[in-house]
Amino acid sequence: MKFIKVFILTTLLSFLLFPTSGMASTLEKLPLSEKSNEWEIVIDKPKNNEVKPKPDVYNIYSMAIKYIGNEDIKIERVEMYRNDPSSSYDFELLTASGDDLEVLEKNSDHPVISHQNFLISTEATKLKVIVTWKNEGKESRKYKEEFIFQQ
């Protein structure tokens, strides 16, 4: 019994001290897409080449958020964050709220937000996009959905 406890403890410590996966420096297989009943988010190559990536510092991507739901809504807020493996908190990349956003009709064809170029550190392992909205014309609560892209 003591052997099993020591074995389990040793195994857990080895996973903590020696991670089995390395950190990737780019998002793989662009375009990346996450979809729910309400939203489709696409991370892709940058839309223009004004800013060049710096190897081992940052990469550049574009993002499009499209509403694909079945109700008329009002977007309250869109946020984008990246993590930093050396800290316990996330860093803000983008926040759009209030008058920057619009009322969307169901099955809208155009993106809610389209960001041509955004920089993300090569040290980041996650990109988090948070969309907050409420139904248009109704006294209703806000809804929030979170999408996470692994780098």
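Residues numbered from 1 in each chain as written. Predicted model: local features only at pLDDT ≥ 70, side-chain atom pairs only at ≥ 80, totals over all residues. Heavy atoms only, no water.

Caption draft 1: The environment of Ser 97, seen in detail. Position of Ser 97 relative to the elements: it lies in strand E5 (residues 90–97). With a relative accessible area of 28%, Ser 97 lands in the partly exposed category. When the C-alpha atoms of Ser 97 and Glu 76 are compared, they prove to be 5.7 Å apart, with 21 residues separating the residues in sequence. With residues up to four places along the chain from it excluded, the contact list for Ser 97 reads Glu 76 and Arg 77. (Helix = DSSP H or I, 4+ residues; strand = E, 2+ residues; numbered from the N terminus. Buried < 20%, exposed > 50% of the residue type's maximum accessible area, 1.4 Å probe, protein only. Contact = heavy atoms within 4.5 Å.)

Caption draft 2: Up close: the pairing of strand E1 (residues 32–35). Two strands pair when backbone bridges link them, and E1 and strand E2 (residues 39–44) are joined in this way by 4 bridges, in the antiparallel orientation. Looking across to E2, one finds that Glu 34 is bridged to Ile 41. Count of turn residues in the E1/E2 antiparallel hairpin: 3 residues. (Pairing = 2+ DSSP bridges.)

Caption draft 3: Local environment of the packing of aromatic side chains. As enumerated under the stated definition, the model contains 5 aromatic pairs in all. Measuring from ring centre to ring centre gives 6.1 Å for Tyr 61 and Phe 118, while their planes differ by 45°; the resulting arrangement is tilted. Of the two residues, Tyr 61 sits in strand E3 (residues 58–67) while Phe 118 sits in strand E7 (residues 113–121), which places them 57 residues apart along the sequence. Residues Tyr 61 and Phe 118 agree in their burial class; the two are buried. Members of the aromatic cluster, joined through ring pairs, are Trp 39, Tyr 67, Trp 133 and Tyr 143. (Phe/Tyr/Trp six-rings, centres within 6.5 Å; stacked < 30°, edge-to-face > 60°.)

Caption draft 4: Structural context of the nonpolar core. Membership of the largest hydrophobic core comes to 23 residues, with the highest contact counts inside it found for Trp 39, Ile 41, Ile 43, Met 63, Ile 65, Val 129 and Val 131. Sorting the residues of this core by element identifies E2, E3, strand E4 (73–83), E5, E7, strand E8 (126–135) and strand E9 (143–150) as the ones contributing at least two each. (Core = buried A, V, L, I, M, F, W, Y, C linked by side-chain atoms within 4.5 Å.)

Caption draft 5: Quick peek at the side chain of Ser 36. With respect to the helices, strands and loops of the structure, Ser 36 is situated in the loop between E1 and E2. A polar contact is formed between the side chain of Ser 36 and the side chain of Glu 145, at a distance of 3.1 Å. With residues near it in sequence (within four places) discarded, Ser 36 still touches Ile 68, Glu 145 and Phe 147. (Polar contact = N/O pair within 3.5 Å; in protein donor to acceptor, adjacent residues only side chain to side chain.)

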